[in-house]
Amino acid sequence: MAAWTAAARQAGNITRLSSPRVASAPQAASLIHRRGLAGGGDHHGPPKVNFWQDPMSPSKWKEEHFVIVSLTGWGLLFFGGYKFFTRGKKDKTEEEVGEAH
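Here is what the cut-offs are and how they apply
- Residues numbered from 1 in each chain as written.
- Predicted model: local features only at pLDDT ≥ 70, side-chain atom pairs only at ≥ 80, totals over all residues.
- Heavy atoms only, no water.
- Helix = DSSP H or I, 4+ residues; strand = E, 2+ residues; numbered from the N terminus.
- Buried < 20%, exposed > 50% of the residue type's maximum accessible area, 1.4 Å probe, protein only.
- Areas by Shrake-Rupley, 256 points an atom, 1.4 Å probe, with all protein chains shown as cover.
- UniProt positions renumbered as here; feature names shortened; annotations may be inferred.
- Phe/Tyr/Trp six-rings, centres within 6.5 Å; stacked < 30°, edge-to-face > 60°.

### Considering the overall build of the chain
And then number 1: Counting secondary structure elements, the chain contains three helices and zero strands.
And then number 2: Each helix and strand of the chain, ordered N terminal to C terminal, gives the series α-α-α.
And then number 3: Split into buried and exposed, the 101 residues of the chain put 4% on the buried side.
And then number 4: Looking at the chain as shown, the accessible area adds up to about 9,500 Å², and 65% of this sits on carbon and sulfur atoms.

What follows is the structure, given as structure tokens:
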């Protein structure tokens, strides 16, 4: 008996949602999708700025700008270290090749 009642309610909900008639205001309000926490960022504290507007204050930068600048800095550090520590090997191999001829 309860299964029939639940099936009837579900069928009624499906036909009500799929009907082409205009929904009343309370029904339309219940069908509007809410975005939840996707709406606009942190509004507490001072406003965030682009990193080129205040380059000496990383705490004031926008989060995405901080990430870009940080990753760029780490990349330059690793690449510079790689170039620094591997530049001597190439010079030695060229000297050895020159001596062999």
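We are not done yet, so read on.
### Observations regarding the UniProt feature "transmembrane region" (unreviewed entry) in the chain
And then number 1: Look at the UniProt record and you will see "transmembrane region" (unreviewed entry) annotated at residues 65–85.
And then number 2: End-to-end, the C-alpha atoms of residues 65–85 are 30 Å apart, and along that stretch the chain is 100% helix and 0% strand.

### Re the packing of aromatic side chains
And then number 1: Using the criterion set out here, one finds five aromatic pairs in the structure.
And then number 2: Judged by centre distance (5.2 Å) and plane angle (75°), the ring pair of Phe-51 and Trp-52 falls under edge-to-face.
And then number 3: Consider the rings of Trp-61 and Phe-66, whose centres lie 6.2 Å apart with planes at 55°: the pair is tilted.
And then number 4: Its relative accessible area of 40% is what places Phe-66 among the partly exposed residues.
And then number 5: Among the aromatic residues, those joined into a ring-pair cluster are Phe-51, Trp-52, Trp-61 and Phe-66.

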